Amino acid sequence: MRRYSIWSLLRNARSYHEGWPEMWRSPEPKPEYDVVIIGAGGHGLATAYYLAKEHGVTNVAVVEKGWLGGGNVARNTTIVRSNYLSPESAFLYDKAMELWPGLSRELNYNVMFSPRGLINVGHSREDMIELRRRVRALQLNGIESSMLTTAEIAKKAPILDCSPTASNPVLGGSWQAKAGIARHDAVAWGYARAADARGVDMLQNCEVTGIRREGGRVTGVETARGTIRARKVAIVTAGHSGVVAAMAGFRLPLTAYTMQAFVSEPMKPILDTVVMSSKLVSVSQSDKGELVIGMSTEPYASYSQRGSLPEVERAAQTMTELYPCTRRLRMLRKWGGTVDVPVDASPIMGKTPVENLFINVGWGTGGFKSIPGSGFVFAHTIATGEPHPLVAPFGLDRFASGRLISEHGATGALVHGE
Amino acid sequence: MKRSEARLDTGGRVNRDRVLNFTWNGKPYKGLEGDTLASALLANGISLIGRSFKYHRPRGIFSAGAEEPNAIVQLEAGAYTQPNVKATQIELYEGLEARSVNCWPTVEYDFGAVANLCAKILPAGFYYKTFMWPSRFWLTYEYFIRRAAGLGRAPKEADPDIYDKAHAHCDVLVVGGGPAGLAAALAAARTGARVILADEQSEFGGDLLGRRDVMDDAPAVEWVRKVVEELASFSEVRLLPRSTVFGYYDHNYLAIAERRTDHLHPKDGLGKPRQRLWKVRAKQVVLATGSIERPLVFADNDRPGVMLAESARTYLNRYGVKAGRRAVIFTNNDNAYAAAIDLADAGVEIGAIVDLRPDVQGPLPQKARARGLEILAGEAIVATHGGRRAQSVEVMLLSPEGDHVHGTARKIDCDLVCVSGGWSPTVHLFSQSGGKLTYDAGRACFVPAKSKQAERSAGACHGTFGVADCLDEGFAAGLAAAGTAGFATAGISLTAPAVEQPGEAGLRALPIVPGKTAVGHGKAKHFVDLANDVTAADVRLAAREGYRSVEHTKRYTTLGMGPDQGKTSNVPGLAILADALGKEIPDVGTTTFRPPYTPVSYGLLAGRDVGEMSDLTRTTPIHEWHAMTGGVFDDAGQWRRPWYYPRAGEDMTAAVRRECRAVRESVGIMDASTLGKIELVGPDAVKVLNQVYANAWDNLAVGRCRYGLMLGEDGMVFGDGVTARLGEHRYLMTTTTGGAARVFGWIDDWLQCEWTNWKVFITSVTEQWATVSIAGPRARDLVRELAVGTDVSADAFPHMAIREGKVAGFPGRIARISFTGELGFELSVPASYGMALWTACVTAGAKYGLTPFGTEAVHVLRAEKGFIVNGHEFDGTVTPQDLGMAWAVNASKPDFLGRRSLERSDMKRADRKQLVGLQVQDATAVLPEGSQVVERVLKAPPMPMIGHVTSSYWSETLKRGIALALVAGGHARMGQTVHIPLEDKVLDAVVVSPVFYDPEGKRLHG
Amino acid sequence: MLLINCPWCGPRDEIEFNCGGEAHIARPADPAALSDAEWAEYLFMRKNLKGLHYERWHHSYGCRQWFNAARDTVTHEIHATYKMGETPPVVAGADGIVKGSSS
């Protein structure tokens, strides 16, 4: 891999930038790999990278039905944080948080991780209790976080309506200074380039159509580019995890939903931090100057990657209440991603009913921030065949035992028919 | 060019009798009614409008419509200011103020232009390759990057304007009011269909407004006038000018942004809705959205004065403005010759018509030739010159393959370069609707191929560019749409006006027009995306580096991601990428278009549903009394409930303590009307109770009440409450205030979907009854007075009994229920008697010191008793056993909802979090709710946590702080000391029973 | 905004409804007889189909009736809606036809 730097930029400027190498090769599939990773999204690419780097497993293919980095890593709101309540989640997300600051140098690709801080706003006494519970838990777990007063919030996010007459009063909030945003596409590209440099094959436009098994053990995958044998296979397919799991003969406790986000036209800076709230999922301002707004999931199962108008109207209502100066601003672009949300809103990682078939799915609406940590611990899980200690609580077996990891006070599904 | 020179004396759609004053960059100018800001600026000879996004290059007006990538301005000031508005879309009004964006100190002398000097080291994605060292410096780099980025400035104040929403249904929605759209609307309207015609411009006519077509021997605008007049005469036709259809959603649902007052000065729009969001469900849709001219990608094609050819024609014909004095036309097609001829006729000198095609023989070029205009066929512009305005271009001969130029460069003076690279049908809405596009190589554009929804395209957006053909297609589409929507179309007479439609020869598509040096080598830049400063070299770089998917390229270079949404750069960018990859354009693909077609204000999307209008407020029949007596309210979902009733000089703490004392010592009164009430009637009602509650209900006698826990199928408690048996087959269930709808929905769901043959009706009666809760040692004395005719003595009316009877003279119910731990009665009467009952209680209770108490006191009192509350003690992760309420689970019932889940292995773990009381050793301390509990205090984190505080109050009764907590293995920890680390200190507490007060229940049963 | 044909009220906008997820999941007759894993299958595991999906809808802001819909989770086309208890319609050309149960 030829290294990127200001010097390489200057050097290449002399040759009119015509000498830059390809970011990654476009190889033909080999007949067999040690590990086949299904899904070249953020998690899959990071897994490949850490397999190669940390475990010396380089005979790896990442197979992708479309273009690499084209799933949810291309369709999120770029927020990075680790303020989760349960210790299991807190440690898992904080593993990622630990890797983010050094990621650009590690990959020699600027992912523009920008720890500009995260405010979680409390609008009610219930919100405040919840935030306090979370902050105390984080602090006792050794994860940076603190409470904020309304006045402190008003200073950090001056466009937020913190007045006593606000429609959604700001009673206070929590703060995580090391949280922030990153350039989402760059994370996928950086991992892909670094994994490629270590010998990993990126197989794009290579849709998996079947998972080959013999005697309860995985032996490879059927793809649009032929059969590929593999000693181990990993499903890292975000929104489509249910579809791929069905190929291996099992179901998952999750549902695919569309989640939308939208951005405003680019403006000079008006918001330095990321703001989240129980009323509106998230607002931040990108380096380009666009206000990036994250919305709730659509209320029904969908693989459409496009959202509906009512959700946008709802989000605009709350946004203009919270940020009255945004009423005259305009929505420039909006997009939808397919998120797979498990019943307890926590990811599913580890072994599956099929031997040597591993799974890392169900990140729901929280996938982007966890990419480095998820890749790191999942690579360990694949390489050793046993769940990494941080992965262990997130196994598929928790749904039978009942040991759910309820990040959102998940209450189980309301189910039945006839 | 001076103003007088630029504005024609006659012609166009502007009103020369109405002069409008406006301000640009602080200086006063004059325009005319009918102008856009762009046409007015051009009329005033202003060519430099702003600075570009990345390189801060001078930029002028490039187009005359929504596709404008350059002329982006800051409109108005103060609360009315709006960033990033396209000058081409601003209708001029008296007193308008606008200024340039992204430049400092002025648009003429911009410091940021230094970026242009460093351009060599700033190729696409340069930021991915640097700024990595040292890593903590990124925030510093980023500080400057953020300030350099962005365009306009957001307002600092709240928008004073209001926004409306409207719903509409129609048979045929026609999008676009050009020739095809007008024809379609007319055809559909004549069948009697309900038609909506929406167009983004201030007047209908589309491209006809900017051309000099003749229809039936009169100017085309005359035909437009007649059609609009006829359309307006139909009662079932709605005309929406200034209305952009910006979203095409599933099931033929479209969203329209109608601008109601944007063409007025803010002070004239005050109090009127600024914009209106139309949400239209259309049976049939006709898309007649026209097309957008494509630029050519050539060296330094971004100078002020470089403009789309058709736009120059529009400025001339519609606004009576000459966009320049001396023009060079640069084209690859016949269409631009019409612009050349119009300009020449208006007195604009034509330096030359430079045509990439070596052989130019179509009717329009012939006409231009006959007109004496010089045509340089097979030649190309290889350079442009000029700073704040184009001054000249250089032209050279193009090789037959189009890959290089040769010969001597010829310089041609000009201040206007009219560019045409062909036309791209405006397929945005078609694509949003899910329709499939196909690539038309002959015209180098994407055209609709297969519809997905009830929709058809007509005219230029369908790839039909000739005006006569557009009319025919429009009539046919309108008629077909109305027919499919169920209207008779036979005998509808439609006659297209006679109009000349010159034939056109094919175009010559070149991804990049070669310049004097190889692309990316010299100083010249071949811009593809003017809004985001993306060049042809950038796209090639992306392809070279392996970003081969069009999505990769867009994201890497930011192509098409600017405020113009890539309207002029999409196809040219694709062409360059395809060329670089050696593929055909359709093999590289196109990106899917998503709403909005043009940017939409958030105020419009929000409408009036903000603030108080964002949700309902529910109040009880007694609300006025609470408000009159100074009650402070607390919201529980939509309900407003009295939180506490401060007396003069009291703060909340004092008021709550007083209210608690009153209930414990004499008697208090509370409005319990918000509690959910559900009646279950029928022989199977008891089966329902047995299923939805964990305990058994078979032996509940008529006139008695029972408490129960409700579990989800996952075994977790989600509700609790008391249900009374009113009659043989009649039960009244009470729920929490916030849980009423959910509980009703839960039971209804099972009844409708699973227990379909059970004989039971359930009815929500929450709002039919007003309920007053009387609690305290003197409660019986008061109730005895009010409930004349009912024996409320302890023996005759035990705890958890319910009777019907007169209450303060009204028919009602009396129940002996307590949530405070004191002797308690609930008096219920039909809602309309609620206030009368309350005032009767208050009057009669005065002698007992009856004290109204609010929800805060209730919380304190119930916590003293260890009573659980949703959201505090149970949150969807807690079983009855965890709560120490195994007594509320009937193990011998064969089944109930959630039962099986309680048998799962994890439910039996001894270290599950269990409900306990915490007695803080410092009796004066009140733990913050949400505090975490640890077993051992360590010097530094991580410190394993064993639980958290779910409720915590100052107990006025016990004169100490009390807390409830969920603690791992808590039931086995009684008497243990645990620790609660706070911000500044650690508090020690002893684990105790959650029942702090009257554990034997003597008072309750008294 | 989907247009959903309530079998009781006729076509209405999506915002009047709530989606109840996968349809035709019968509650086991004897939950106690199931293993933890089998119970979890009923409780949590879902087909999560891409394409034709039989699912429950509730006309919450209308007649408040539950009914079923055969909806495509990619195109959002609603092939049919039918009352509780009715046999799921067979949708031509679509995968994942539901076998079985109707009461």
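Predicted model, so just to flag it, every value in this text is computed and none were measured. (Residues numbered from 1 in each chain as written. Chains lettered and ligands numbered in written order. Predicted model: local features only at pLDDT ≥ 70, side-chain atom pairs only at ≥ 80, totals over all residues. Heavy atoms only, no water.)

A.B. asks: Mind laying out the overall build of chain C, listing which residues take part and the relevant values?
C.D. replies: The helix and strand tally for chain C stands at one helix and six strands. The buried share among the 103 residues of chain C stands at 50%. A separation of at least 24 residues holds for 47% of the contacts in chain C among residues at least 6 apart in sequence. Roughly 4400 Å² of accessible area belongs to chain C as shown, and the carbon and sulfur atoms make up 53% of that amount. (Helix = DSSP H or I, 4+ residues; strand = E, 2+ residues; numbered from the N terminus. Buried < 20%, exposed > 50% of the residue type's maximum accessible area, 1.4 Å probe, protein only. Contact = heavy atoms within 4.5 Å. Areas by Shrake-Rupley, 256 points an atom, 1.4 Å probe, with all protein chains shown as cover.)

A.B. asks: Break down the overall build of chain B for me, with residues and values.
C.D. replies: A tally of regular secondary structure across chain B gives 27 helices and 50 strands. Total accessible area on chain B stands at roughly 36200 Å², and carbon and sulfur atoms take up 53% of it. Mean positive and mean negative side-chain charge positions of chain B (114 and 114 charges, respectively) differ by 3 Å. (Lys, Arg positive; Asp, Glu negative; His and termini not counted. Charge placed at Lys NZ, Arg CZ, Asp CG, Glu CD.)

A.B. asks: Can you break down the pairing of strand E45 (residues 913-920) of chain B residue by residue, with the values?
C.D. replies: Look at any regular strand and the pattern is simple: side chains alternate between the two faces of the sheet. Residue and element names in this part refer to chain B. In terms of residue burial, E45 counts as a mostly covered element, since six of its eight residues are buried. As paired strands, E45 and strand E48 (residues 960-968) are joined by six bridges and run antiparallel to one another. Among the inter-strand pairings, glutamine 914 is bridged to a residue of E48, identified as valine 967. (Pairing = 2+ DSSP bridges.)

A.B. asks: An account of the sheet that holds strand E6 (residues 82-86) of chain B is requested, with residue identities and associated values reported.
C.D. replies: Two strands in a sheet stick together by hydrogen bonds in their backbones, pointing the same way (parallel) or opposite ways (antiparallel). All names here are of chain B. In spatial order, the strands read E2-E1-E7-E5-E6; together these five strands make up an open sheet with mixed pairing. Edge strands, defined here as strands with exactly one partner in the open sheet, are strand E2 (27-33) and E6. Neighbour to neighbour, the strand axes of the sheet diverge by 40 degrees on average, direction disregarded. By the bridge criterion, three bridges tie strand E1 (residues 15-24) to strand E7 (residues 96-100) in an arrangement that is parallel. Bridge pairing links tryptophan 24 to alanine 98 in E7. (Axes fitted to C-alpha atoms, helices over the stretch in contact; angles between N-to-C directions.)

A.B. asks: Any chance you could break down the packing of helix H10 (residues 335-345) of chain B against helix H11 (residues 363-370) of chain B for me, citing the residues and the numbers?
C.D. replies: Residues and elements named next belong to chain B. Contact pair H10 / H11: the axes reach a minimum separation of 8 Å and the direction vectors enclose 25 degrees. Overall, the two elements H10 and H11 adopt an arrangement that is roughly parallel. Seen from above, H10 lies across H11 with left-handed handedness. Of the residues in H11, those touching H10 at Asn335, Tyr337, Ala338 and Ile341 are Leu364, Pro365, Lys367 and Ala368. (Parallel < 35°, antiparallel > 145°, perpendicular 65-115°, else oblique. Left-handed = near helix turned anticlockwise from the far one by under 90°.)

A.B. asks: Give a detailed account of the interface of chain B and chain A, specifying residues and quantitative values.
C.D. replies: On the side of chain A, 107 residues touch chain B, which itself brings 118 residues to the contact. Together chain B and chain A conceal approximately 9800 Å² of surface at their shared face, both sides included; 54% is due to carbon and sulfur atoms. On the chain B side of the contact with chain A, Tyr128(B), Arg146(B) and Tyr602(B) bury the most area, a combined 10% of that side's loss. There are twelve salt bridges connecting chain B and chain A. The closest approach of N and O atoms between Arg555(B) and Asp185(A), which form a salt bridge, is 3.0 Å. Across the chain B-chain A interface, the total number found is 56 residue pairs in polar contact (both at pLDDT 80 or more). With seven residues, helix H5 (residues 138-148) of chain B is the largest single contributor of residues to the side of chain B that touches chain A. Broken down by class, the residue content of the side of chain B that touches chain A amounts to 54 nonpolar, 28 polar and 36 charged. Here two bridges tie strand E16 (residues 330-342) of chain A to strand E31 (residues 600-601) of chain B, and the two strands are oriented antiparallel to one another. What sits directly across from Arg330(A), in E31(B), is Ser601(B). (Buried area = accessible area lost by both parts, 1.4 Å probe. Salt bridge = Lys/Arg side-chain N within 4 Å of Asp/Glu carboxyl O. Polar contact = N/O pair within 3.5 Å; in protein donor to acceptor, adjacent residues only side chain to side chain. Nonpolar A, V, L, I, M, F, W, Y, C, P; charged D, E, K, R; others polar.)

A.B. asks: Quick rundown of the confidence of the model for chain C? Include the residues and the values.
C.D. replies: Detailed conclusions should not be drawn from predicted coordinates in areas where pLDDT is low. Of all residues in chain C, 89% attain a pLDDT of 70 or more, and the chain-wide mean is 90. Here residues 96-103 of chain C is a poorly scored stretch, pLDDT under 50, and it has 16 contacts once near neighbours within four places are set aside; other chains count. (pLDDT = per-residue confidence, 0-100.)

A.B. asks: Now, about helix H10 (residues 371-384) of chain A: what can you tell me, with residues and values included?
C.D. replies: Residue and element names in this part refer to chain A. Its 14 residues give H10 an end-to-end C-alpha distance of 20 Å, which sits within 8% of 20 Å, the value for a rise of 1.5 Å per residue. Most of H10 sits out of view: eleven of its 14 residues are buried. Along H10, the positions that sit buried rather than exposed are Ile371, Pro372, Gly373, Ser374, Gly375, Phe376, Val377, Phe378, Ala379, Thr381 and Ile382. Following H10 by one or two positions, glycine 385 has its phi on the positive side, about 80 degrees. (Expected span 1.5 Å × (residues − 1).)

A.B. asks: How would you summarise the side chain of Ser302(A) if you had to cite specific residues and measurements?
C.D. replies: Position of Ser302(A) relative to the elements: it lies in the loop between strand E15 (291-301) and helix H9 (309-322). A polar atom in the side chain of Ser302(A) sits 3.0 Å from the side chain of Ser304(A). Among all residues touching Ser302(A), those that are not within four sequence positions of it are Ala256(A), Tyr257(A), Thr258(A), Thr338(A), Thr73(C) and His76(C).

A.B. asks: Please provide a residue-by-residue account of the environment of Asp262(B), values included.
C.D. replies: Residues and elements named next belong to chain B. Secondary-structure assignment places aspartate 262 in the loop between strand E14 (253-259) and helix H8 (266-269). Once the C-alpha coordinates of aspartate 262 and glycine 506 are considered, the two residues, 244 residues apart in sequence, prove to be 41 Å apart. Setting aside its immediate chain neighbours within four residues, aspartate 262 contacts Tyr93, Arg274 and Gln275.

A.B. asks: Break down the side chain of Asp164(B) for me, with residues and values.
C.D. replies: All names here are of chain B. Looking at where aspartate 164 falls in the secondary structure, it is placed in strand E8 (residues 162-175). Given a relative accessible area of 15%, aspartate 164 falls into the buried group. Beyond its immediate stretch of four places on either side in the chain, aspartate 164 contacts Pro273, Gln275, Arg276, Leu277, Leu604 and Arg608.

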